Amino acid sequence: MKLILSIVNRDDSNALIDSLMRTGYRATVVSTTGGFLRAGNATIMIGVEDENVPEVLTLIKEGCHTRTQYVNPLPPVMEPGELYMPSPIEVQVGGATVFVMNVDDFHHF
Ligand code: 2BA
Ligand code: 2BA
């Protein structure tokens, strides 16, 4: 068995959950925050049999889209009177960041 841990954009998470449920998979969603942008994203945990991993990866790939976001870099150390005009940096976010982990043991009590 594998645990697929997928970090996705919040805007994609509901549709992805719907498609996973429709296909008969089970999942748990956790609200998370990206360390770099400090913006909300969603982490979806999906426990599946090994042979189902490719299908779940396809659903994730089809359901999650890359977005361009802009971040303001941290201001440099400034002398008094200096003016700093930050220019936003373009960052490509997602579709999805996916980790597939081996599950040693699974119980459902
Ligand atoms: P964030 O950490 O908010 O990162 C958003 C996007 O900013 C990233 O998109 C990447 O394009 C850029 N980025 C992140 N860290 C950076 C850094 N140290 N220097 C320069 N640019 C950086 P994605 O790679 O698509 O990642 C989307 C979200 O997936 C991330 O949100 C984070 O929550 C998660 N993630 C990505 N890689 C991860 C990893 N290796 N381990 C844990 N979480 C990860
Ligand atoms: P349980 O199977 O006891 O699951 C309880 C909760 O545990 C689930 O909540 C989900 O958050 C998590 N979970 C269970 N199996 C998982 C897995 N393989 N990977 C990741 N997380 C898992 P819900 O998703 O709200 O489901 C509540 C109950 O509805 C489930 O109880 C199950 O009896 C049923 N169910 C869930 N998904 C279904 C599906 N795709 N088709 C039919 N019934 C489903």
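Above: the structure in question.
Only a predicted model underlies this, so the values are computations on that prediction, with no experimental measurement involved. (Residues numbered from 1 in each chain as written. Chains lettered and ligands numbered in written order. Predicted model: local features only at pLDDT ≥ 70, side-chain atom pairs only at ≥ 80, totals over all residues. Heavy atoms only, no water.)

Remarks on the site of ligand 1
Residues in close proximity to ligand 1 include Ile7, Gly34, Gly35, Phe36, Leu37, Asn41, Val91, Gln92, Val93, Gly94, Thr97 and Phe99, which together make up its full environment. In the environment of ligand 1, an oxygen atom lies 3.2 Å from a nitrogen or oxygen atom belonging to the backbone of Gly35. Contacts to ligand 1 include Thr97, whose side-chain N or O atom sits 3.5 Å from an oxygen atom. Protein burial of ligand 1: of its 750 Å² of free accessible surface, 51% is covered by the chains. Among the elements of the structure, β5 (89–93) and β6 (96–102) are those that each provide at least two residues to the shell around ligand 1. For the shell around ligand 1, the leading source of residues is β5, giving three residues. (Near = heavy atom within 4 Å. Polar contact = N/O pair within 3.5 Å; in protein donor to acceptor, adjacent residues only side chain to side chain. Areas by Shrake-Rupley, 256 points an atom, 1.4 Å probe, with all protein chains shown as cover. Helix = DSSP H or I, 4+ residues; strand = E, 2+ residues; numbered from the N terminus.)

Looking at unusual backbone geometry
In this structure, Gly95 follows Gly94 across a cis peptide bond, with omega equal to -25°. Its place among the elements puts Gly95 in the loop between β5 and β6. In this structure, Arg38 takes a positive phi of about 55° despite not being glycine. Residue position: Arg38 is located in the loop between β2 (28–33) and β3 (40–48). Judged by relative accessible area, which is 66%, Arg38 ranks as exposed. (Buried < 20%, exposed > 50% of the residue type's maximum accessible area, 1.4 Å probe, protein only.)

Let's talk about the pattern of salt bridges
Throughout the structure, instances matching the rule amount to two salt bridges. Here Lys2 ties to Asp50 by a salt bridge, and the two come within 3.5 Å at their closest N and O atoms. Separated by 48 residues along the polypeptide, Lys2 in strand β1 (residues 2–9) and Asp50 in the loop between β3 and α2 (53–63) bring together distant segments of the chain. (Salt bridge = Lys/Arg side-chain N within 4 Å of Asp/Glu carboxyl O.)

Side note on the nonpolar core
Within the largest apolar cluster, 15 residues are counted, with the highest numbers of intra-cluster contacts made by Leu20, Ile46 and Val56. Of all the elements in the fold, those that place two or more residues in this core are β1, α1 (10–22), β3 and α2. If near-sequence neighbours (up to four positions away) are discounted, Val56 is found in contact with Ile4, Leu20, Tyr25, Ile46 and Val48. (Core = buried A, V, L, I, M, F, W, Y, C linked by side-chain atoms within 4.5 Å. Contact = heavy atoms within 4.5 Å.)

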